[in-house]
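What follows is the residue order along each chain.
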Amino acid sequence: MRTFRQHAILTIILLWCYSTTLLALDLTPHTATYTAKIKKGISINGEAVRELRQLKNGQWLYRFDVDSMAATIKESLILEWDTIRVHPIKYDYELSGFFIKDRNRSINFDRKSNTASGNYKKKNWKIETPENVLDRLGYQLQLLIDISSGNKEVNYQIAHKGRIEPNLFRVLREEEVSTAIGHVNSVLVEKVRDKNSKRQTLLWFSKTQPLLLLKMSQVEKDGEHYEINVKHVAYPK
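A quick note: this is a predicted structure, and the numbers were derived from the prediction, not measured.

Draft legend 1. How the structure looks around the overall build of the chain. Broken down by element type, the chain carries two helices and 14 strands. Per-residue burial over the chain gives 41% buried out of 237 residues. Sequence separation of at least 24 residues holds for 39% of the intrachain contacts in the chain that already meet a minimum separation of 6. For the chain, the computed accessible surface area is about 14200 Å², with 52% contributed by carbon and sulfur atoms.

Draft legend 2. Layout of the nonpolar core. Grouped together as the largest cluster of nonpolar side chains are 56 residues, with contacts concentrated most on Leu 27, Leu 79, Leu 141 and Leu 143. When residues of this core are assigned to their parent elements, the largest contribution, six residues, is made by helix H2 (residues 138-148). Ignoring anything within four residues of it in the chain, the contact list for Leu 143 reads Val 154, Tyr 156, Phe 169, Val 189, Leu 203 and Phe 205.

Draft legend 3. Molecular detail of the layout of surface pockets. Roughly 220 Å³ of internal volume is contained in the second largest pocket. Lining the second largest pocket are 16 residues, with Ile 147, Ser 148, Val 187, Ser 206 and Lys 207 positioned closest to its centre. Elements represented by at least two residues in the lining of the second largest pocket include exactly H2, strand E10 (163-179) and strand E12 (200-206). When the residues that make up the lining of the second largest pocket are grouped by side-chain class, the tally is seven nonpolar, six polar and three charged.

Draft legend 4. Fine view of a positive patch on the surface. A contiguous patch of positive charge, built from Lys 101, Arg 103, Lys 121, Lys 122 and Lys 123, is present on the exposed surface. Here Lys 123 shows up in strand E8 (residues 123-128). Residue Lys 123 is classed as exposed on the basis of its relative accessible area of 60%.

Draft legend 5. Seen up close, the environment of Asn 108. Note that Asn 108 resides in strand E6 (residues 103-110). With relative accessibility at 35%, the residue Asn 108 sits in the partly exposed group.

Draft legend 6. Seen up close, unusual backbone geometry. Despite not being glycine, Thr 83 has its phi angle at roughly 80°, a positive value. Within the fold, Thr 83 resides in the loop between strand E4 (71-81) and strand E5 (86-97). Positive phi outside glycine occurs at Lys 121, with the angle close to 55°. Tracing the backbone shows Lys 121 in the loop between strand E7 (115-120) and E8.

Draft legend 7. Structural detail: the side chain of Asn 167. Structurally, Asn 167 can be placed in strand E10. Among the polar contacts made by the side chain of Asn 167, one reaches the main-chain carbonyl oxygen of Glu 165 at a distance of 3.0 Å. Beyond its immediate stretch of four places on either side in the chain, Asn 167 contacts Val 154, Asn 155, Tyr 156, Ile 158 and Lys 191.

About the criteria used
Residues numbered from 1 in each chain as written. Predicted model: local features only at pLDDT ≥ 70, side-chain atom pairs only at ≥ 80, totals over all residues. Heavy atoms only, no water. Helix = DSSP H or I, 4+ residues; strand = E, 2+ residues; numbered from the N terminus. Buried < 20%, exposed > 50% of the residue type's maximum accessible area, 1.4 Å probe, protein only. Contact = heavy atoms within 4.5 Å. Areas by Shrake-Rupley, 256 points an atom, 1.4 Å probe, with all protein chains shown as cover. Core = buried A, V, L, I, M, F, W, Y, C linked by side-chain atoms within 4.5 Å. 1 Å grid on protein atoms, 1.4 Å probe; cavity = no way out; pocket = protein on both sides within 12 Å on 5 of 7 lines; lining within 4 Å. Points joined across faces, edges and corners; volume = space filled by probe spheres on them. Nonpolar A, V, L, I, M, F, W, Y, C, P; charged D, E, K, R; others polar. Patch = residues over 30% accessible without salt bridge, like charges linked within 9 Å, V, L, I, M, F, W, Y side chains within 5 Å. Salt bridge = Lys/Arg side-chain N within 4 Å of Asp/Glu carboxyl O. Lys, Arg positive; Asp, Glu negative; His and termini not counted. Charge placed at Lys NZ, Arg CZ, Asp CG, Glu CD. Polar contact = N/O pair within 3.5 Å; in protein donor to acceptor, adjacent residues only side chain to side chain.

Everything listed is a geometric property; what it means functionally is a separate question.
Next comes the structure, spelled out in structure tokens:
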């Protein structure tokens, strides 16, 4: 029968191994462009850009922009990186377009007080947050890191609309994906929802190129379908 000391030593070893795996994955600055399709009765094409770069003060900027005839989306996150986790500082989201109600959201995170504050429907809010809280863009970067580290299932606490929402993601399988940059080995991940949910989110991550999202498909409960496919990726020299 294992003693308490043996359990403690085993726990430390497992944590060390887990941290070492994550430490081997550093953030890699890159810019990826995508074709974007929005199917809402008719199919509308556009372009999307996802960029990760380090700022002069050591923080990082992660942004995702979509430009189409139907809508324009500008989403960005200022974050800190501690070699293991994404720590959000400021999240911004803007949506505008034809026949679409403009939306503007922002969240400020305070790690010292473990709080987040923002606005939703013209109302300000402030909530307490768990230690590893994420936002709706930063979780995608953390997911890339965790899946690249070999995790098969991850659960994130995401601040959204003045509340904390649990989000569970699970690896479905590995498969080869045909893209504009060639045939790429990928890991397919799904967002786990209730069995009766009509919504679906699928993400394909590259196995060989660091932190690269190859494809994302999302179906809303009203049947709207959004999809992006990688077209080009550039890494700074």
